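Structural features, examined
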Amino acid sequence: MTGITHLHDLSDAIRRDFDGNKLSPKGLNKFLTNCKKSTSLVQINLEKAAQLVRSFKQIAVDQTSEEKRRFDVKKYLEEIHTSVHSVLKKNNIDVSIECPAGISIDSFPGAFSQIVTNLLMNSIAHAFQGIDDRSVSILVDIEDSVLQIIYSDNGTGIATENLTKIFDPFFTTNRDNGGSGLGLNIVFNLVTNTFKGDIRCVSESNKGCQFILTLQV
Ligand SMILES: Nc1ncnc2c1ncn2[C@@H]1O[C@H](COP(=O)(O)OP(=O)(O)OP(=O)(O)O)[C@@H](O)[C@H]1O
Ligand SMILES: [Mg+2]
């Protein structure tokens, strides 16, 4: 928007100079240079916006359908990341994704994106109170049609006495702030039913937590 407003003001100024017979070659040259700068800025930002809309659209479609389709795991993870990028940025959380390029699977992208999104939302909601250096890492690998995902955050972790309950429906430590306790239960069901896989969590108080998932794909 700033780029467009700037361009608009520049065109007004050059029109005034032209109409008043005051337009010098130097003035025109400066105008053209500024035009180029502004349009490049606008172009970059439009591309970013378009990418964001594409991610939202694809993920929204996938989330409402149980559809099986072929997708590239690394690219899809990056799209999920893009779709929650602004909330991660607002919370100062750095996410790193390590996934080999070119893993293409014929599977359930909607369920896949719900799993990753729920884990990210949980890190945002529960992990980082009182922590400044906030990071999440997502490591992915595939062997013999089994996709392994290791999702870790370096947050406050989960108390040992809660570890056996986190996948239960309605277990939440966040009831007062509107937590329903369904997030990880949904993740558990998607992993075990849709992907015939398994999920476990390793965590200690103040040592972050790690979710280890295997999905049959
Ligand atoms: N990354 C995490 N760090 C610390 N605690 C976590 C993390 N993820 C989950 N938890 C704990 O597990 C509990 C259950 O998570 P779950 O996603 O099922 O429910 P919720 O996030 O509290 O509510 P909802 O997902 O419905 O908003 C949380 O209340 C929290 O105590
Ligand atoms: Mg949750």
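About the thresholds
- Residues numbered from 1 in each chain as written.
- Chains lettered and ligands numbered in written order.
- Predicted model: local features only at pLDDT ≥ 70, side-chain atom pairs only at ≥ 80, totals over all residues.
- Heavy atoms only, no water.
- Buried < 20%, exposed > 50% of the residue type's maximum accessible area, 1.4 Å probe, protein only.
- Helix = DSSP H or I, 4+ residues; strand = E, 2+ residues; numbered from the N terminus.
- Pairing = 2+ DSSP bridges.
- Contact = heavy atoms within 4.5 Å.
- Near = heavy atom within 4 Å.
- Polar contact = N/O pair within 3.5 Å; in protein donor to acceptor, adjacent residues only side chain to side chain.
- Areas by Shrake-Rupley, 256 points an atom, 1.4 Å probe, with all protein chains shown as cover.
- Nonpolar A, V, L, I, M, F, W, Y, C, P; charged D, E, K, R; others polar.
- Axes fitted to C-alpha atoms, helices over the stretch in contact; angles between N-to-C directions.
- Phe/Tyr/Trp six-rings, centres within 6.5 Å; stacked < 30°, edge-to-face > 60°.

Section: the pairing of strand 7 (residues 209–216)
Counting buried residues along strand 7, six of its eight residues qualify, which places the element largely inside the surrounding structure. As defined by bridge partners, strand 5 (residues 146–153) adjoins strand 7 across eight bridges and the pair is classed as antiparallel. If you follow Asp153 over to strand 7, its bridge partner there is Cys209. Bridging between strand 6 (residues 198–203) and strand 7 involves six bridges; their strand directions are antiparallel. Paired with Ser203 across the strands is Cys209, a residue of strand 7. In textbook terms, the turn of a hairpin is the stretch between consecutive antiparallel strands, and for strand 6 and strand 7 this stretch comprises five residues, one of which, Asn206, has a positive phi near 65 degrees.

Description of the side chain of Asn162
In this structure, Asn162 sits in helix 6 (residues 160–163). Residues contacting Asn162, with those up to four places away along its chain left out, are Phe171 and Thr173.

Description of the site of ligand 1
Taken together, 19 residues lie near ligand 1, and His126, Asp153, Thr172, Thr173 and Ser180 sit nearest. Asp153 places a side-chain nitrogen or oxygen 2.9 Å from a nitrogen atom of ligand 1. Protein contacts shield 88% of the accessible area of ligand 1, which totals 600 Å² for the unbound molecule. Element by element, the count of residues in the shell around ligand 1 is highest for helix 5 (residues 109–127), at four residues. Across the shell around ligand 1, the residue classes tally to seven nonpolar, 11 polar and one charged.

Re the sheet that holds strand 5
Backbone-to-backbone hydrogen bonds join strands into a sheet, with any given pair of strands oriented parallel or antiparallel. Overall, mixed pairing links the five strands, which are arranged 2-4-5-7-6 in an open sheet. For this open sheet the edge positions go to strand 2 (93–98) and strand 6, each flanked by a neighbour on one side alone. Direction aside, the axes of adjacent strands within the sheet are offset by 15 degrees on average. With respect to the sheet, helix 3 (residues 73–83) is in contact with strand 2, strand 4 (134–143) and strand 5, its orientation differing from that of strand 2 by roughly 170 degrees.

Quick word on the packing of aromatic side chains
Two aromatic rings are characterised by how far apart their centres lie and by the angle between their planes. Here the structure, examined in full by the defined rule, presents seven aromatic pairs. Each ring, one from Phe71 and one from Phe112, has its centre 5.7 Å from the other, and the planes form 55 degrees; the classification is tilted. Of this pair, Phe71 sits in strand 1 (residues 69–72) while Phe112 sits in helix 5; the two residues are 41 residues apart in sequence, bridging distant segments of the chain. A single burial state applies to Phe71 and to Phe112, both of which are buried. An angle of 40 degrees between the planes, with centres 5.7 Å apart, marks the rings of Phe167 and Phe188 as tilted. Remark: Phe188 occurs in helix 7 (residues 183–194) and Phe167 occurs in the loop between helix 6 and helix 7; sequence separation between them is 21 residues.

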